[in-house]
Amino acid sequence: LRAVSSKEVVKIKTKIRQFSKELYLTTALVSVCIIVLIFPTLQWLDKSEFSNELITYFVILAANVIFNISLLYHFLLYAYKQDRAIFKPTLYASITNIVLNIVLIPKYGIIAAAISTLISFALILVLKRIYWLKVKHLSLAE
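Keep in mind it's a predicted model, so treat the numbers as computed, not measured. (Residues numbered from 1 in each chain as written. Predicted model: local features only at pLDDT ≥ 70, side-chain atom pairs only at ≥ 80, totals over all residues. Heavy atoms only, no water.)

Draft legend 1. Summary view of the overall build of the protein. Per the secondary structure count, the protein includes 6 helices and 0 strands. Taken from N to C terminus, the helices and strands of the protein fall in the order α-α-α-α-α-α. Over its C-alpha trace the protein gives a radius of gyration of 18 Å, far above what one expects of a compact globule, namely 14 Å for 142 residues. Across its three principal directions, the C-alpha atoms of the protein cover 55 × 35 × 15 Å. Taken over 142 residues, the protein has a buried fraction of 30%. Counting every atom, the protein has about 9,500 Å² of accessible surface; 68% of that belongs to carbon and sulfur. (Helix = DSSP H or I, 4+ residues; strand = E, 2+ residues; numbered from the N terminus. Rg over C-alpha atoms; globule rule 2.2 N^0.38 Å. Buried < 20%, exposed > 50% of the residue type's maximum accessible area, 1.4 Å probe, protein only. Areas by Shrake-Rupley, 256 points an atom, 1.4 Å probe, with all protein chains shown as cover.)

What follows is the structure, given as structure tokens:
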């Protein structure tokens, strides 16, 4: 936010690169830890119903990785006071999630809820990136 307030394009671009590297690295490290720790956790819990839904767990993990990546664009849009560009993808993804859940859960169960979330979070990522590219083109042109 301070870099954007300063209106120094080079400083802004440097901060964006730094923030994106930190976000990707943290997301990757936490994801690896979560993947590694699920197996001893499942053994310790000794509940077959949890082990049987392992694929659902990984779909939800993938959805959260996608959502974390979308936060880069969220913060950039926020810094440039683009509230509508933050709200619209969230609204569209919410509607998508509800519709997909209504349609898919009765037939496919819990995995459908995870897939609906994955699709909705991917939609947020794509739309926020599109909105950011428009803002970036106008704001960071050198």
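From this point, the discussion proceeds with the structure in view.
Draft legend 2. Here's a closer look at the environment of Thr117. Assignment of secondary structure puts Thr117 in helix α6 (residues 110-139). Contact partners of Thr117, with chain neighbours within four places excluded, come to Ala63 and Asn97. (Contact = heavy atoms within 4.5 Å.)

Draft legend 3. Here's a closer look at helix α5 (residues 83-108). Its 26 residues give α5 an end-to-end C-alpha distance of 36 Å, which sits within 8% of 38 Å, the value for a rise of 1.5 Å per residue. Of all bends in α5, the biggest is about 35°, found at Asn101. What α5 keeps buried is the set Ala85, Ile86, Pro89, Ala93, Asn97 and Asn101. Those residues of α5 that are buried lie in contact with α4 (54-79) and α6. (Expected span 1.5 Å × (residues − 1). Bend = angle between axes of the 7 residues up to and from the residue.)

Draft legend 4. Molecular detail of unusual backbone geometry. Here Asp46, not a glycine, exhibits a phi torsion of approximately 55°, which is positive. Relative to the elements of secondary structure, Asp46 occurs in the loop between α2 (9-45) and α3 (48-51). With a relative accessible area of 66%, Asp46 lands in the exposed category.

The analysis is restricted to geometry; functional conclusions fall outside its scope.
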